[in-house]
Amino acid sequence: MNLQSIHRNRAGGPRARRVQTAALCAVAVAALVGGCGSGGDARPNHAAAGQPDVRQTTSPSPSGSVRLNEDQAARKALVPAAKVTADKAAATAVAEVPDSTLLSVELKRRASGSSPSPSATGSPSPTASPRTGQPVWVAEVSKKDGTASTVRIDAESGDVIRSRTDPGQDADEKAERASWITKIKQTPEQVAKAATDRKKGTITSMELDDADSGDVIWSVEVVSTDDWNKSTLDIDATTGEVLSEDVDRD
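What counts as what
Residues numbered from 1 in each chain as written. Predicted model: local features only at pLDDT ≥ 70, side-chain atom pairs only at ≥ 80, totals over all residues. Heavy atoms only, no water. Helix = DSSP H or I, 4+ residues; strand = E, 2+ residues; numbered from the N terminus. Expected span 1.5 Å × (residues − 1). Contact = heavy atoms within 4.5 Å. Polar contact = N/O pair within 3.5 Å; in protein donor to acceptor, adjacent residues only side chain to side chain. Pairing = 2+ DSSP bridges. Axes fitted to C-alpha atoms, helices over the stretch in contact; angles between N-to-C directions. Buried < 20%, exposed > 50% of the residue type's maximum accessible area, 1.4 Å probe, protein only.

**Q** An account of helix α5 (residues 171-183) is requested, with residue identities and associated values reported.
**A** Taking 1.5 Å per residue, 13 residues should reach 18 Å; α5 reaches 19 Å between its end C-alpha atoms and fits that length. Those residues of α5 that are buried are in contact with β1 (101-109), β2 (135-142), β3 (148-154), β5 (202-210) and β6 (216-223). Taking the backbone nitrogen of D172 as reference, a side-chain oxygen 3.0 Å away marks D170 as the first, capping residue of α5.

Right under this line is the structure:
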């Protein structure tokens, strides 16, 4: 009998089979012990070693903070800096230009290079000291004939920074603005309340526009200070009804 034959016989003999059977039994016992008391959930039994059984779960970052995108971060930096609300800024703008009606008001940061100029009354507030990055309300108001003026207001103090009426305004645009004014029944204060009653947050923009139906609407932007998302609400300028709501999470 050659060596290869002897090797095959030993590998398939009774002793070899007993060794293999014992090994399989050991594996089976280990599996049973590891899964015992877990209902088939094979995990280490830390309680047997006097340690609490802890499951690994996905959790927020240690700081609990949410990562903001660029627009959300910009809103977070700007909105709390404004101490004057949109409706108060609107009232200031309308008072600055006698017999005028608000067309729009928007919260912005003052760009570098812009300089203050006298208001329409010729007597700007002595405390108005515009600076780069300062939060400002930029409002547009219109006379009954549609002549528009732009009023810039310090969003921290409420003082008028600048008021300007451009000469040579387009006749068609003036006619459109004059038509809008005759249809407005809701004041900026009423529109602001309707918007924030529907969506909690801070108003950063109110703008008069016309709908496809020909009705005049207020388009109002509200920023939530919980997540710094922006919602746009269309409100009927005659009835005050909220017509639509769109949330911008970008």
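**Q** Outline the sheet that holds β1, listing residues and values.
**A** Across the sheet, 8 strands lie side by side as β4-β3-β2-β1-β5-β6-β7-β8; this open sheet has antiparallel pairing. Bordering the open sheet on either side are β4 (160-164) and β8 (242-248), each of which pairs with just one other strand. Averaged over all pairs of adjacent strands, the angle between strand axes in this sheet comes to 20°, irrespective of strand direction. Docked against the sheet, helix α6 (residues 188-198) engages β1, β5, β6, β7 (230-236) and β8, running at close to 120° with respect to β5.

**Q** How would you sum up the pairing of β6? Please name residues and give values.
**A** Within β6, 6 of the 8 residues are buried, which leaves the element mostly enclosed by the surrounding structure. Taking the residues that link successive antiparallel strands as the turn, the β5-β6 hairpin has 5 residues, and the phi of G214 there is positive, at about 95°. With 7 bridges joining them, β6 and β7 adopt antiparallel strand pairing. Paired with I217 across the bridge in β7 is D236. Linkage of β6 to β7, two consecutive antiparallel strands, is achieved through a turn of 6 residues, within which W228 is found at a positive phi near 65°.

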